[in-house]
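Fold and contact review
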Amino acid sequence: MMAAKLLDGEALAATLKEKLKAKVEELKSKGKTVVLNAVQVGENAASRVYIKNQKGSCEEIGLTYELKELPAETTQEELDKFIDGLNNDPNVTGIILQMPVPKQIDARTVQRRISPAKDVEGMHPMNMGNLVFGDMKVGPCTPLGAMELLKANGIDLKGKETVVVGHSEIVGKPLALMLLSSMNESATPTVCHIATQDLASHTKRADLLFVACGVPGLVKGDMIKDGAIVVDIGINRVPDLDKDGNAVLNKKGKPKKKTVGDVVFEEAVEKASMITPVPGGVGPLTVMMLLQNTVSLAEAAG
Ligand SMILES: NC(=O)c1ccc[n+]([C@@H]2O[C@H](COP(=O)([O-])OP(=O)(O)OC[C@H]3O[C@@H](n4cnc5c(N)ncnc54)[C@H](O)[C@@H]3O)[C@@H](O)[C@H]2O)c1
C-alpha cells in the first residue's frame, strides 16, 4: 500500500490569505469598515502569544486588530456593558473574547452577549442555529477549516460513510452539522465520543474519518479502513522520544516536546488514501477561518 497523500493546510491557508487580502482591499475601497476587536480580561501568558499571532495574521490581510484589555477584577456586569458598547459601535465589525477568562466571568454568557452580526468565532447560539437550518453565515473556525480542506482537495461528501470522533461544541458537533448541511449531497455522519462503546467498530467503517479529542494515539492504524480519508484535528504536546524511547533533549538539556494529533500518523499514513499532517493540517486553517468570518461579517454589515 502506498503512503497517503498529505492534505496540506499550510498551502491552502496561504492561498486563502491572498483571497482574503484582496477582499479586504475591495471592502475598504468601498468605504467599509473591517475592524476586529479582541477583548482580554486580565493577564495571561498563553493568550499573549495567541493575540500576537492573531494580530499578525489580521494585519497581513489588511484588517485592523484592536486589543481591548480589561483589568483582571472586571465583573460580569462590567464586561457585559463593555460588550454592549462594542456591539453598538459602528467602527467595530467583529468581536472576539480571549480565553481563558478570570473565574468570576462566565465565557458562555459573554459569547451569547456578543452580537451575532459581530460573532467572528461563530459560537453565538443564533449562528449555531443557522447551521442547523443549513443557512450558515459564519461558523466555528476549526470545523470550517476542516471542511474547507476537503473542498479544496475535491473530496466529495455525498452519502459518504463518515465518522466524527469527538462531540465538543467547538469542533465535533458543529462539524457533524456541516456534514449534514446539504439537502441532497450530505455525508452520512456518525458521531463518537467518550461514552461510545467499541470505538474501533465505528472508525473502521469510515470512508471519511475526523478525529478531535485531544488524546494522542487514540486512533491507531488498525482502526482505519484501507483507503480512508483521515482528518486529524487533535493538537497535543507530547515528549519527543528517539527510536529507543529515550527523551530527546534541547540545547539547554531539557526534554523536548513535539506536537502530534490524535491519530498515530506513521501507522495511519500506510492505510489512508489521504491524511492531514499535524502540525500543518487543520491548524493553519482555523486562524484563516477566523479571518474569513471577520471579513464576511464586515461585508454583511450595513
Ligand atoms: N486544529 C485546530 O485548530 C484545533 C482547534 C480546536 C481544538 N483543537 C484540538 O482538537 C482536540 C479536541 O478539542 P475540543 O476543544 O473539541 O476538546 P474537548 O475536550 O472539548 O472535547 C473532546 C471530545 O473528545 C471526546 N473524547 C475524549 N476522549 C475520548 C476517547 N477516549 N474516545 C472517544 N472520544 C473521546 C469527548 O467525548 C469530547 O467529545 C484537542 O486536541 C484540541 O487541541 C484543534
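Residues numbered from 1 in each chain as written. Predicted model: local features only at pLDDT ≥ 70, side-chain atom pairs only at ≥ 80, totals over all residues. Heavy atoms only, no water.

1. Points about unusual backbone geometry
Following Met99, the chain continues into Pro100 via a peptide bond in cis, with omega recorded as -5 degrees. Inspection of the secondary structure puts Pro100 in the loop between strand S4 (94-97) and helix H4 (107-113). In the segment running from Val278 into Pro279, the intervening peptide bond is cis, with an omega of 0 degrees. Looking at the element boundaries, Pro279 is found in the loop between strand S11 (274-275) and helix H10 (283-300). Phi at Asp198 is positive, roughly 55 degrees, even though this residue is not glycine. (Helix = DSSP H or I, 4+ residues; strand = E, 2+ residues; numbered from the N terminus.)

2. Notes on the sheet that holds strand S2 (residues 35-41)
If you trace the three strands from one edge of the open sheet to the other, you get S3-S2-S4, paired in parallel fashion. Bordering the open sheet on either side are strand S3 (64-70) and S4, each of which pairs with just one other strand. Sheet twist, expressed as the mean angle between neighbouring strand axes with direction ignored, is 20 degrees. Pairing analysis gives four bridges linking S2 to S4, with the strands arranged parallel. Within the sheet, the bridge partner assigned to Ala38 lies in S4 and is Ile96. The strands touched by helix H3 (residues 76-88) are S2, S3 and S4; relative to S2, the strand with the most contacts, the crossing angle is about 175 degrees. (Pairing = 2+ DSSP bridges. Axes fitted to C-alpha atoms, helices over the stretch in contact; angles between N-to-C directions. Contact = heavy atoms within 4.5 Å.)

3. Brief notes about the site of the ligand
In the region of the ligand, 20 residues are neighbours, and Thr142, His167, Ser168, Ile194 and Thr286 sit closest. Within the side chain of Ser168, a nitrogen or oxygen atom sits 2.5 Å from an oxygen atom of the ligand. In this structure, an oxygen atom belonging to the ligand sits 3.4 Å away from a main-chain N or O atom of Gly214. Summarising the interface, the protein chains cover 72% of the accessible area of the ligand, which totals 860 Å² for the free molecule. Split into classes, the residues belonging to the shell around the ligand amount to ten nonpolar, ten polar and no charged. (Near = heavy atom within 4 Å. Polar contact = N/O pair within 3.5 Å; in protein donor to acceptor, adjacent residues only side chain to side chain. Areas by Shrake-Rupley, 256 points an atom, 1.4 Å probe, with all protein chains shown as cover. Nonpolar A, V, L, I, M, F, W, Y, C, P; charged D, E, K, R; others polar.)

4. Focus: the domain arrangement of the protein
Split by domain assignment, the protein resolves into domain 1 (32-118) and domain 2 (140-282). Put simply, the middle of domain 1 and the middle of domain 2, counted by C-alpha atoms, are 30 Å apart. (Domains from an automatic or database assignment.)

5. A short note on the sheet that holds strand S6 (residues 188-192)
On the basis of which strands lie adjacent, the open sheet formed by six strands has the order S1-S11-S8-S7-S5-S6 and parallel pairing. Bordering the open sheet on either side are strand S1 (5-6) and S6, each of which pairs with just one other strand. Judged from the four bridges that link them, strand S7 (residues 208-211) and strand S8 (residues 229-232) form a sheet pairing that is parallel. Paired with Val211 across the strands is Asp232, a residue of S8.

6. Here we look at the nonpolar core
By size, the foremost hydrophobic cluster in this structure holds 51 residues, and its most contacted members are Leu63, Leu150, Leu179, Phe210 and Ile233. No fewer than three residues from each of domain 1 (32-118) and domain 2 (140-282) sit in this core. Those residues in contact with Phe210 that sit more than four places away from it in its chain are Ala146, Leu150, Thr162, Val163, Val164, Val165, Leu175, Leu179, Val231 and Ile233. Counting residues in each nonpolar core, the second largest holds 19 residues, with Ala4, Val163, Cys192 and Ala268 among its members. (Core = buried A, V, L, I, M, F, W, Y, C linked by side-chain atoms within 4.5 Å. Buried < 20%, exposed > 50% of the residue type's maximum accessible area, 1.4 Å probe, protein only.)

7. Some thoughts on helix H6 (residues 141-152)
Here H6 spans 16 Å end to end across twelve residues, near enough to the 16 Å set by a 1.5 Å rise per residue. Counting buried residues along H6, ten of its twelve residues qualify, which places the element largely inside the surrounding structure. Within the sequence span of H6, burial applies to Cys141, Thr142, Pro143, Leu144, Gly145, Ala146, Met147, Glu148, Leu149 and Leu150. For H6, the elements touching its buried residues are helix H1 (9-29), helix H7 (172-179), S7, S8 and H10. The first or second residue beyond H6 is Gly154, which carries a positive phi of 65 degrees. (Expected span 1.5 Å × (residues − 1).)

8. Quick notes on the environment of Gly221
Structurally, the position occupied by Gly221 is in the loop between S7 and S8. Of the residues examined, Gly221 reaches a relative accessible area of 6% and is grouped as buried. Taking the C-alpha atoms as reference points, Gly221 and Ile275, 54 residues apart in sequence, are found 12 Å from one another. The residues contacting Gly221, other than those within four sequence positions of it, are Glu267, Ala268 and Lys271.

9. Some remarks on H10
The α-helix advances 3.6 residues per turn, and as a result positions three or four apart in sequence lie on the same side. An ideal rise of 1.5 Å per residue puts 26 Å on 18 residues; H10 measures up with 26 Å between its terminal C-alpha atoms. Within H10, the full set of buried residues consists of Pro284, Leu285, Thr286, Met288, Met289, Leu290, Leu291, Asn293, Thr294, Val295, Leu297 and Ala298. Residues of H10 that are buried make contact with H1, S2, helix H2 (45-60), S4 and H6.

10. Here we look at the environment of Val120
Mapped onto the fold, Val120 is located in the loop between H4 and helix H5 (125-132). Judged by its relative accessible area of 0%, Val120 falls in the buried class. With 80 residues separating them along the chain, Val120 and Ala200 place their C-alpha atoms 35 Å apart.

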